[in-house]
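Inside the fold
Listed below, chain by chain, are the residues.
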Amino acid sequence: MSEEILINVTPRETRVAVVENGMLQELHIERGWRRGVVGNIYKGKVQRVMPGMQAAFVDIGLERAAFLHANDVVRPPAGTGNGDGDSLFPAPGPTLPVNELLRDGQDIVVQVVKDPIGSKGARLTTQISIPSRYLVLLPQSRVVGVSARIEDDVERTRLKTLVSELAAATGGHGYIVRTNAEGQSAEALAEDVAYLQRAWALIEHTTADARVGARVYEDLTLPMRAVRDLMRRDVDKVKVDSRDTYEKLCIFAAQYLPTPGPAEQARLVDRIECYTGNRPIFDMYGVEDEIQRALNKDVPLKSGGYLVIDQTEAMTTVDVNTGSFLGQRNLEETVFRTNLEAAQAVARQLRLRNLGGIIIIDFIDMVDPEHRRQVLRTLEKSLSKDHAKTTVYDFSPLGLVEMTRKRTVESLQRQLGESCTACGGRGIVKTVETVTYEIFREIVRAVRQFEAERLLVIASPRVVSMITDEESAAVVELEEFLGKSIRFQSDDQYLQEQFDVVLL
Ligand SMILES: [Zn+2]
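Residues numbered from 1 in each chain as written. Predicted model: local features only at pLDDT ≥ 70, side-chain atom pairs only at ≥ 80, totals over all residues. Heavy atoms only, no water.

Right, let's get into the overall build of the protein. In terms of regular secondary structure, the protein is built from 14 helices and 24 strands. Here the C-alpha radius of gyration of the protein, 31 Å, is well above what a compact globule of 504 residues would show, namely 23 Å. Oriented by its inertia axes, the alpha-carbon framework of the protein measures out at about 100 × 65 × 50 Å. Counting only residues that meet the buried cut, the protein has 45% of its 504 residues in that class. Within the protein, contacts between residues separated by at least 24 positions form 67% of all contacts whose residues are at least 6 apart in sequence. Just so you have it, the protein exposes about 26400 Å², and 50% of that area is on carbon and sulfur atoms. Averaging the coordinates of the 62 positive side-chain charges in the protein and doing the same for the 73 negative ones gives two points 4 Å apart. (Helix = DSSP H or I, 4+ residues; strand = E, 2+ residues; numbered from the N terminus. Rg over C-alpha atoms; globule rule 2.2 N^0.38 Å. Buried < 20%, exposed > 50% of the residue type's maximum accessible area, 1.4 Å probe, protein only. Contact = heavy atoms within 4.5 Å. Areas by Shrake-Rupley, 256 points an atom, 1.4 Å probe, with all protein chains shown as cover. Lys, Arg positive; Asp, Glu negative; His and termini not counted. Charge placed at Lys NZ, Arg CZ, Asp CG, Glu CD.)

Here is the structure:
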């Protein structure tokens, strides 16, 4: 299987596409003009300790001095450093008066927990935490904690034991096991630990020689996260359409990724390519079209059938429909084949559209229990490529398959779209005919209620053209009945359901 990562960079938006065998499988989007500084780590200098406020101002090289409260200062453990609080990497301890923890002019390593807003400086902590895909490294701690959102006791114990062993073997640091670690292999977690250890070593190394105000760690950008998470898999190429991002990724890959030897490292960096073609990178690979299709409700299948995917507040439903083969002789066999294709298509669509929560699949009815088993197996096998955790349950008495998919980011539809104003998100608008008769009723109501010589009706072009065309006789009747003249004006700013009856 060939896998490629395509990265499209524009000033305000970065998109990462995962393409397997020429087919788009995943899309990640990061938007925003200015990234904040939250998560960044700086070498700072304490400017002023303020005992009255139990806090200190710290210069971290930003426009305004940042704020560090005593509660967010961790103390060095007994027996290490000089114990008076000026260790670069203190460990957790009970809160002391701020002037026992910090002194003016002291160098200190801090992480930003809140962006500066208006005249307020950034808020800091000395408790460093570095996230990776499945873990968060707490270099000053020795505790391994598991996210409460992982509910299964056996899985919690497995993860805790696994990560504790990995931690003990690599430096005894503390870790938080994140929710999406659920079900991940020992290898995947070991890679995360190795990555975090390299990141931490680099931070310590950089900090030693850094000047005050230097940023020694930056929260990873989407392209970097993509390379970090995806290069460990069998990715043939990472293609990026920005020279600047390309250069940053090469440096990042060389610094952070597993590098058994110089040859390996060279091979790894070689897999990152700068795309310089004239056609936009996503056009070149048909990704743009696939993104458009991923916003449609209908997904055509090769067999002639199709899926209808509906997202509601509570769940996502997938309806599998037959094509036009119903007259064929071997119906059960054709249904079976369509369901097999649908099972693969559903797995791909869930990943591509990043659908989560409860998902209900209504396959075409099958009589043969062996066919049902095979469809279920195909679904499970196709889902195994998904990085999000999925659980599939058996066919329900009504022939539905229930499953769940855990994800941390909103669905593609919610990321790219908003509820339609024309239909108010119902997915259906009143027909031109329905609106026409509504207008007729409103005219009668208005004339009975108010005094008026003439009436003006403003509506959408389609509605007005129906009234003045097919319904022109009805308008004449209405004018005679009411004894008023009615004029119709089309306005293309009006949505199909909108209209105004104006009394003149
Ligand atoms: Zn709509």
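Here we come to helix 2 (residues 153-170). End to end, helix 2 covers 26 Å across 18 residues, agreeing with the expected 26 Å (1.5 Å per residue, within 8%). The complete set of buried residues in helix 2 reads Glu155, Leu159, Leu162, Val163, Leu166 and Ala167. With its buried residues spanning 130° around the axis, helix 2 presents them on a single face. In helix 2, the exposed residues that point more than 90 degrees away from the buried face are Asp153, Val154, Glu165, Ala168 and Ala169. On its buried face, helix 2 is in contact with strand 10 (135-138), strand 11 (144-146), strand 12 (174-177) and helix 3 (186-209). Backbone geometry just downstream of helix 2 places Gly171 in the positive-phi region, at approximately 140°. (Expected span 1.5 Å × (residues − 1). Arc of directions from axis to C-beta.)

Counting 50 residues, the largest nonpolar core has Ile41, Ile130, Leu135, Tyr175, Val177 and Leu189 as the members making the most contacts within it. A total of 8 residues in this core trace back to one element, the largest contributor, which is helix 3. Setting aside chain neighbours within four positions, we find Leu189 in contact with Tyr134, Leu135, Leu159, Leu162, Leu166, Ala181 and Gln184. Membership of the second largest hydrophobic core comes to 29 residues, among which are Leu301, Phe336, Phe363 and Met366. (Core = buried A, V, L, I, M, F, W, Y, C linked by side-chain atoms within 4.5 Å.)

This part takes up the packing of aromatic side chains. On inspection of all chains with the given rule, the structure shows 3 aromatic pairs. Judged by centre distance (6.0 Å) and plane angle (70°), the rings of Phe57 and Phe67 are edge-to-face. Highlighted residues: Phe57 in strand 5 (residues 55-59) and Phe67 in strand 6 (residues 66-69), separated in sequence by 10 residues. Judged by relative accessible area, which is 26%, Phe57 ranks as partly exposed. Summarising the aromatic geometry, the rings of Phe363 and Phe395 are spaced 6.1 Å apart at their centres and angled 50° between planes, so their arrangement reads as tilted. (Phe/Tyr/Trp six-rings, centres within 6.5 Å; stacked < 30°, edge-to-face > 60°.)

It is possible for side chains bearing opposite charge to pair when their charged atoms get close. Taken as a whole and assessed by the stated rule, the structure comprises 23 salt bridges. With a shortest N-O distance of 3.3 Å, Arg215 and Glu218 are connected by a salt bridge. Classification of Glu218 as partly exposed rests on a relative accessible area of 30%. Here Glu442 ties to Arg445 by a salt bridge, and the two come within 2.4 Å at their closest N and O atoms. Of the two residues, Glu442 and Arg445 both sit in helix 12 (residues 432-449), 3 residues apart, roughly one turn of that helix. Note on Arg445: relative accessible area 47%, which makes it partly exposed. In the salt-bridge network here, residues are joined through shared partners; they are Glu13, Arg15, Arg31 and Glu288. (Salt bridge = Lys/Arg side-chain N within 4 Å of Asp/Glu carboxyl O.)

This next bit is on the packing of helix 12 against helix 14 (residues 472-482). Where helix 12 meets helix 14, the closest approach of the two axes is 12 Å, and the angle between their N-to-C directions is 15°. As judged from the angle between their axes, helix 12 and helix 14 are roughly parallel. For the element pair helix 12 and helix 14, the recorded crossing hand is right-handed. Contacts between helix 12 and helix 14 pair Phe440, Ile443, Val444, Val447 and Arg448 from the former with Ala474, Val475, Leu478, Phe481 and Leu482 from the latter. Looking at the contact of helix 12 with helix 14, its residues break down into 9 nonpolar, no polar and 1 charged. (Axes fitted to C-alpha atoms, helices over the stretch in contact; angles between N-to-C directions. Parallel < 35°, antiparallel > 145°, perpendicular 65-115°, else oblique. Left-handed = near helix turned anticlockwise from the far one by under 90°. Nonpolar A, V, L, I, M, F, W, Y, C, P; charged D, E, K, R; others polar.)

For the rest of this paragraph, the subject is the side chain of Ser382. With respect to the element layout, Ser382 can be found in helix 10 (residues 369-383). Among the residues examined, Ser382 registers a relative accessible area of 17% and is labelled buried.

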